[in-house]
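This is what each chain is made of:
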Amino acid sequence: MSRELPPLDLHAHIDPGVAPRELEQLGAVVFAATRSATEFERTTHRTDQVTIWGLGCHPGVAAAHADFDAERFAELMQKTPFISEVGLDGGARTDIETQTEIFRAILTLATQTPRIVSVHSKRATSRVLDLIEESGAPGIVLHWWMGSQAETERAIRLGCLFSVNKSMDCGRLRRAGVPLDRLLPETDHPAGNGRGDGPKQPGWTLDVEQAVAVEFGITPAEVRTQFWRTLAGLALGLNLDGLFPRPVRAMLDAARPRAGDTGSPAVGQEGQT
Ligand SMILES: [Zn+2]
């Protein structure tokens, strides 16, 4: 029924100068999170097969803020299904008002032109949710989420997904009520996968699959299938397939349950949620 799909990584930092072949050799589909429009512009000529370069504006990087221009951002957004590393950072040097203004502008753009949006919320979880709620932007994936139980419940009500890495306790999310089909894997390479003895490389999320499998009482293979279905449902719901590299488009297509498929009839509804 299902062809083997590679591991997924929804948030990794990769040098835009790295050779495409090196990325293909990772054996994974990786969403590469640039931190600024300038960094993203270094990737727009690339023709990677299995890497999706995201347009970013890291709330912890002062230069990204100084550089921010909504018109330029809107234009660059047309080139990618993925907005990476936007949000708020309570520990950043840039004042929270400036961060808020920029994040609000990006969320407005993402409401008009939906994208998968990887959101940073370090020490600013509640305020990030306020802005997400205010904008109504779809496609939000909270990256390395550390909100309280009440905040996590609120994030679920707002329709957010969560990308989890090996440095996180996915049990905490499950106990707060996050269902399996709201989870996606990430490495946050190199920050999130520095510990442990697995390979410290983008795309290596086998440990996340394992941890989620244990937490939800299913196999790692079932977890990966679900991660792909979740991503495929998200891409379909936001009408983003055409912005993915062709091989990834085929994988998204393969991940979608067909009429007559056995098992998991509920996930067929995903695109509509
Ligand atoms: Zn990051």
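Structure: above.
A few points on the structure. Owing to the predicted nature of the structure, the values given are computational and were not obtained by experimental measurement.

The rules behind the values
Residues numbered from 1 in each chain as written. Predicted model: local features only at pLDDT ≥ 70, side-chain atom pairs only at ≥ 80, totals over all residues. Heavy atoms only, no water. Pairing = 2+ DSSP bridges. Helix = DSSP H or I, 4+ residues; strand = E, 2+ residues; numbered from the N terminus. Axes fitted to C-alpha atoms, helices over the stretch in contact; angles between N-to-C directions. Buried < 20%, exposed > 50% of the residue type's maximum accessible area, 1.4 Å probe, protein only. Donors = N, O, S within 2.8 Å, 3.2 Å for Na, K, Ca; no water. Tetrahedral: all angles 85-135°; square planar, octahedral: opposite > 155°, others 65-115°.

1. As for the sheet that holds strand S4 (residues 82–87)
Working step 1: Sheet architecture is open: 8 strands sit in the order S1-S2-S3-S4-S5-S6-S7-S8, paired in parallel fashion. Of all strands in the sheet, those with a lone pairing partner are strand S1 (8–12) and strand S8 (183–185), marking the two edges. For this sheet, the mean angle separating the axes of adjacent strands, direction not counted, is 25°.
Working step 2: Strand direction decides the pairing type here: strand S3 (residues 51–56) and S4, joined by 2 bridges, are parallel. The partner of Leu-55 across the bridge, within S4, is Ile-83.

2. Considering unusual backbone geometry
As a rule of thumb, non-glycine residues mostly have phi less than zero, and peptide bonds are mostly trans rather than cis.
Working step 1: Residue His-189 is joined to Pro-190 through a cis peptide bond whose omega torsion reads 0°.
Working step 2: If you trace the backbone, Pro-190 turns up in the loop between S8 and helix H9 (206–216).
Working step 3: In this structure, Arg-123 takes a positive phi of about 50° despite not being glycine.
Working step 4: Within the secondary structure, Arg-123 is located in the loop between strand S5 (116–120) and helix H6 (125–135).
Working step 5: Taking the relative accessible area as the measure of exposure, Arg-123 reaches 65% and is therefore exposed.
Working step 6: Notably, Asp-188 is not glycine yet its phi reads approximately 45°, a positive angle.
Working step 7: Counting through the fold element by element, Asp-188 comes out in the loop between S8 and H9.
Working step 8: Assessed through its relative accessible area of 6%, Asp-188 is described here as buried.

3. Considering the coordination of the zinc ion
Working step 1: Protein coordination of the zinc ion is provided by His-11 (NE2), His-13 (NE2), Glu-85 (OE) and Asp-188 (OD), with donor distances spanning 1.9 to 2.7 Å.
Working step 2: Around the zinc ion sit 4 donor atoms; with metal-centred angles ranging over 87 to 174°, the donor geometry is irregular.
Working step 3: As a motif over one chain, the donors of the zinc ion read H-x1-H-x71-E-x102-D. Placement of the pair is His-13 in the loop between S1 and helix H1 (20–24) and Asp-188 in the loop between S8 and H9, with a sequence separation of 175 residues.

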